[in-house]
Amino acid sequence: MQEWANQLCENRQFGSKMTDSKYFTTTKKGEIFELKAELNSDKKEKKKEAVKKVIASMTVGKDVSALFPDVVNCMQTDNLELKKLVYLYLMNYAKSQPDMAIMAVNTFVKDCEDPNPLIRALAVRTMGCIRVDKITEYLCEPLRKCLKDEDPYVRKTAAVCVAKLHDINAQLVEDQGFLDTLKDLISDSNPMVVANAVAALSEIAESHPNSNLMDLNPQTINKLLTALNECTEWGQIFILDCLANYTPRDDRESQSICERVTPRLSHANSAVVLSAVKVLMKFMEMLPKDLDYYGTLLKKLAPPLVTLLSAEPELQYVALRNINLIVQRRPEILKHEMKVFFVKYNDPIYVKLEKLDIMIRLASQANIAQVLAELKEYATEVDVDFVRKAVRAIGRCAIKVEQSAERCVSTLLDLIQTKVNYVVQEAIVVIKDIFRKYPNKYESVIATLCENLDSLDEPEARAAMIWIVGEYAERIDNADELLESFLEGFHDESTQVQLQLLTAIVKLFLKKPTETQELVQQVLSLATQDSDNPDLRDRGYIYWRLLSTDPVAAKEVVLAEKPLISEETDLIEPTLLEELICHIGTLASVYHKPPSAFVEGSRGVQHKRLPGSTESPDTTSAAAVSDAPPAVIPSQGDLLGDLLNLDLTPPTTTGPPPPASSENNLILPAIGAGFGAPPAAMPASFSAPVSGGLDDLFDLGGGVGMPMGAYSAPKTVWLPAMKAKGLEISGTFARRSGVIQMEMTLTNKAMSVMTDFAIQFNRNSFGLAPAGPLQVLTPLNPNQSIEVTLPLNTVGPVMKMEPLNNLQVAVKNNIDVFYFSCQYPISMLFVEDGKMERQVFLATWKDIPNDNEAQFQIKDCHLNAASNKLQGSNIFTIAKRTVDGQDMLYQSMKLTNGIWVLAEMRVQAGNPVYTVSTAACAYS
């Protein structure tokens, strides 16, 4: 639509003496037929009128694609105005009529060689706008000629066409060598050609961040700076943005570039000014602060920024958002310009709030009196939002400038005396912060605050007042009465107030235990028994247990000395600030967000840093990793010992532990429970299978009619919803067709939709790692569950865990990252080729040292059933024999890391207790 508007505007330059509004009036039926006849007329004027009617119909949304061949026939004309109109029509309908559009190719080629440079440029511009793959290959030769045209207007138009063509078919542009030609145009004698070449290369480089197209060097930079003085304003912006991506070799080069860019600060166009500021802010990082030029540059930056504040309100807002970033990075630039940020009565609210923010950032001991006088005046305005921010600003000034704190508190007390409800409430909120910053200094004002207790109706103000009463309960005679008054409507209060009230009453109890015992019991009961808020219940239970078990510890925790609050809590994080400084003059500097946060796709998501920054986010994280203790890759011997000492029984705190038949009973303690009914001595919690115990693997009770194959334990809750902001994960492990699988149920118990799931494992004993991404293909809606199967492999990094089969997992979604650990059954690691040859088994068994052997005793096992069941879990029976009335069963199994485990099961006739001997070895 913009292209059409530009074209129509240009047409007026070529002799249209009457207005074109008549073409947009509603016409009668048969319009297409009449237009067709007029387009084929022999009279040039009639043709032109017909094409204008077609363009008017197209502009208002009518479908005139049926006239495509008739309009294309009108291309063969010397009339520039008519040719522009036809090209305009072509740009719009070529995509829907690609076969017909090919008819125009010959005319494009011919027009690219026309003596008139305007027609040559028009042809190449239209070529770039026709997004039809079939046509692009025919346009390469005309484009190549136009890129080397003698007329600079044609060359600058062709440079932009390359960027458009690259967007349609990047490979074609690279194969035809157009990118090299574009780079050559940077050395062109005409500054506008240089600017357009830079713009085209920058556009292509943004869509292909790793292409390194803009190979900037001192020679290229010199050419750009030369062209900068003679470009149009938009050309200057393109060149300045390109300069901002260059990193000077040293401070001398940096100073030289700054000196040549500084004149752009006085440009009439605010976009040029901001682009120049961006370049200077970046290159200043390379200049030594003791350099005379550094101080001069600081002084030169202030006037243009101040001038921007005399523009329209919308431009003022953009300028203020950019100034906000600049002041956070270099407050000294505008430290003497406080007055320009004073609010005017006719400023829009968005400008007022932004100015207020910058005033606080520039506040210092030198100008605090002036600032406070202004803020006090603002607090009497009629705009409620502005007044609230002004009152809060007074508190921020008190925290930032210590010498002014007393004056700020006095100002706040004066405002409280006005009895204006929202002013009083904001004042109490900020006084709470002042108490945190300056403890034991201004508590004399508490009495005045307590007088306004009944007028507080906003949650934040009520919570602040409750905090003050609880924190200074020993100084307030009727603190218990004040808190009890809040307690009467406890369930109607917001969560913020409820949490603060709970903490305040516990503080009061610890300071005055004899007088407030009943009050603390009441609030703990309300928080734990009558509330359905998990945060409130958890805090209530913590306090209850602390107070009932160790009051001294409770006092140390609840009444601990609090850290002082920082001066500026709303400063942008330094790394983000550096990136935003590199994007001054763009949307990122207005949103105060990096481009990656709001630009879709790959464009514009490159992270930029100031040249003084030696550390990128990637190197920071790498350094953090390198500081971690080195991973210990366990040797085969370590794993053998741990396998034999692996306690795989589920943990319990109820009932006595099952009796051990030997002191080494560690690897198969629950094996008897799997082969028959649980022993009487075993606690109830052991009777249900728990994932990770070998009772799962040897769960062979019944023995008849049960399906063959590896046993898979029922799912258990690995990550409760309370610990994961509403996400609950239940799961188990299984081995199916030789693949280890993590089978999970994800349940959304929150109120918001969950998306973007991903999973990662920490290093573990057997190198378990996801074999692919976590496949959650649809959003997980509230109260919805989804079954997910994650295949695993064992090629991940190895680190010995305690216990050996412990697995630490991180799950990410759009809300947060959550961590949990679970234990996988060791049987998941038994591979299918774990059947050892008999002779090898015999020789290996004899060679295994006694230290690598362990014995266990189990009860109530049927030997044949055991053999069949175990094979389903890749525990293979090598041989059975009878010796001296004892049945002997020999088994082998092999772990994914190549460690073999050999077992011998001995059964004495008439004896319910069977003996299992296991041994482990590294065998290849």
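Residues numbered from 1 in each chain as written. Predicted model: local features only at pLDDT ≥ 70, side-chain atom pairs only at ≥ 80, totals over all residues. Heavy atoms only, no water.

Asks: Explain the packing of aromatic side chains to me, please; I cannot follow it from the model alone.
Replies: Aromatic rings considered in pairs are described by the distance between their centres and by the relative angle of their planes. In the structure shown here, the tally under the stated rule is 11 aromatic pairs. Between W718 and F820 the ring centres are 6.0 Å apart and the planes differ by 20°, which places this aromatic pair in the stacked class. Of this pair, W718 sits in strand β1 (residues 716–719) while F820 sits in strand β8 (residues 817–823), and the two are 102 residues apart along the sequence. Note on accessibility: W718 and F820 belong to one class, buried. Three or more aromatic residues link up through ring pairs in this structure, and these residues are W718, F733, F766, F820 and Y824. (Phe/Tyr/Trp six-rings, centres within 6.5 Å; stacked < 30°, edge-to-face > 60°. Helix = DSSP H or I, 4+ residues; strand = E, 2+ residues; numbered from the N terminus. Buried < 20%, exposed > 50% of the residue type's maximum accessible area, 1.4 Å probe, protein only.)

Asks: Sorry if this is basic, but what is going on with the pattern of salt bridges here?
Replies: Think of it this way: side chains of opposite charge can pair up when their charged atoms draw near. With the rule as written, the count across this model stands at 30 salt bridges. Note that K48 is salt-bridged to E81, the shortest N-O span being 3.3 Å. Here the residue K48 occupies a position in helix α3 (residues 44–59), and E81 occupies one in helix α5 (residues 80–93), the gap between them amounting to 33 residues. Taken as a pair, K48 and E81 share a single burial class, namely buried. Linked by salt bridges that have partners in common, E285, R329, R330, E332 and E578 make up one network. (Salt bridge = Lys/Arg side-chain N within 4 Å of Asp/Glu carboxyl O.)

Asks: Would you explain the sheet that holds strand β4 (residues 758–761) in this entry?
Replies: Backbone-to-backbone hydrogen bonds pair the strands of a sheet. The strands run either parallel or antiparallel. As summarised here, the arrangement of the 3 strands in space is β4-β7-β8, forming an open sheet in which the pairing is antiparallel. Of all the strands in the sheet, just β4 and β8 have a single pairing partner and so form its edges. Neighbour to neighbour, the strand axes of the sheet diverge by 25° on average, direction disregarded. Looking at chain direction, β4 and strand β7 (residues 806–812) are connected through 4 bridges and run antiparallel. In the strand pairing of β7, A758 is matched with K812. (Pairing = 2+ DSSP bridges. Axes fitted to C-alpha atoms, helices over the stretch in contact; angles between N-to-C directions.)

Asks: For this particular structure, what's the right way to read the packing of helix α28 (residues 479–487) against helix α30 (residues 517–528)?
Replies: Between two packed helices, both the angle of their axes relative to each other and the distance between the axes serve to describe the pair. Here α28 crosses α30 at 25°, and the two axes come no closer than 11 Å. By the angle class used here, α28 and α30 are roughly parallel. Crossing handedness for the pair α28 and α30: left-handed. Facing α28, whose interface residues are D480, E484 and L487, α30 presents L519, Q522, V523 and L526. In terms of residue class, the contact of α28 with α30 is made up of 4 nonpolar, 1 polar and 2 charged. (Parallel < 35°, antiparallel > 145°, perpendicular 65-115°, else oblique. Left-handed = near helix turned anticlockwise from the far one by under 90°. Contact = heavy atoms within 4.5 Å. Nonpolar A, V, L, I, M, F, W, Y, C, P; charged D, E, K, R; others polar.)

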